[in-house]
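# Architecture at a glance
Spelled out from the first residue to the last, the chains are:
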Amino acid sequence: MNEQKPKTVAVIGGMNMDIGGSAVGTLRLRDSNPGRVTLRPGGVGRNIAHDLRLLGAEVSLVSAVGDDAFGRALLESCEALGMDVSMTLRRPRERSSTYLYVNDDGGDMLLAVSDMDIVDRISPAALEPLLPRLNGFDALVLDANLSEASLRFLAERLSVPLYADPVSAAKAAKLLPILPRLAALKPNRLEAETLTGEKDMERAARALLERGVKRVLISLGEEGMLAAEGDTRLCLPRREVTVVSTTGAGDAATAAMVWAGVHGLDLERSARLAQLAGALTCECLEANNPKLGEISDLFFPQRGKMSRSDR
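Residues numbered from 1 in each chain as written. Predicted model: local features only at pLDDT ≥ 70, side-chain atom pairs only at ≥ 80, totals over all residues. Heavy atoms only, no water.

Here Lys199 lies in the loop between α7 (189-196) and α8 (201-210). For Lys199, the side chain forms a polar contact with the side chain of Glu193, separated by 2.8 Å. (Helix = DSSP H or I, 4+ residues; strand = E, 2+ residues; numbered from the N terminus. Polar contact = N/O pair within 3.5 Å; in protein donor to acceptor, adjacent residues only side chain to side chain.)

And the structure:
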């Protein structure tokens, strides 16, 4: 039997150089804390693209970088993963995005500063020449770091299935105009409340479906995940994990949701795969856990798979 041809996914969104600090012991504010500082590629769009590569998809990343050391390192890291970055914008004399965060001793992000002005360069004018290529993918993933104008433009001009990541409660509202075009959405509790005004998550899920989203997965933290599609509602308990860092866990869950969607997995398998991807990422100091390259076989073993030499 021939191996199934890999699905193709384009991700449009942010790509940062992440500078992270993790404290050893109790974090003291307004003081110097012993711990570990890391420098690695990140950003919601790039993380989702990385995780989709690990799951076995052929991925193109549409982002923007400056002509600086961070920008060159980001592009090289994507190419090393086998990602296509030919549609990523290179902006001379501009600085690449940087994300600075501090985790507490439990691995949860305590605070962060995001310098992402260059993402605004992914404008409708910049995207216009890319439309013929983008319409040839099996799916597109949008992150809410994009401007509302760019999100609307893509939703109106593209015919392929669209998925989205709200990024944060502060940015989630930019997705409101494009909800009817979304095949699936994975907000957390705060993002779902921002999008619907509902504090009860079952009502929030219903509201998102009524506004046109086809499938909704809401991350509930300690309470697990709520999955909804049509008249079906599923409440999955939290997976027990040893948390090392939560950075990238939501991005991994979104990538798994997209992978499940392009492979036609049902609501329950989509939610369980998303949960597992997020849990595995929490167990890893890196924002992308290489073990994601193994879990999709549990749900759909006959998919095209990224070779070990490409990882």
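Here the focus is the layout of surface pockets. For the largest pocket, the calculated volume is near 1500 Å³. Along the wall of the largest pocket there are 46 residues; nearest its centre are Asn188, Thr246, Gly248, Ala249 and Gly250. Looking at the lining of the largest pocket, the elements that each hand over two or more residues are β2 (16-23), α1 (44-55), β7 (97-103), β8 (109-115), α6 (169-172), α7, α9 (249-262) and α10 (267-282). Ranked by the residues each element gives to the lining of the largest pocket, the list is headed by α10, at five residues. Here the lining of the largest pocket is built from residues that sort into 18 nonpolar, 17 polar and eleven charged. Reported here for the second largest pocket is a volume of approximately 220 Å³. Forming the boundary of the second largest pocket are 16 residues, of which Ala23, Leu27, Asp31, Asn33 and Val102 lie nearest the centre. Counting only elements with at least two residues in the lining of the second largest pocket, the list comes to β2, β3 (35-42) and β8. For the lining of the second largest pocket, a count of residues per class yields eight nonpolar, four polar and four charged. (1 Å grid on protein atoms, 1.4 Å probe; cavity = no way out; pocket = protein on both sides within 12 Å on 5 of 7 lines; lining within 4 Å. Points joined across faces, edges and corners; volume = space filled by probe spheres on them. Nonpolar A, V, L, I, M, F, W, Y, C, P; charged D, E, K, R; others polar.)

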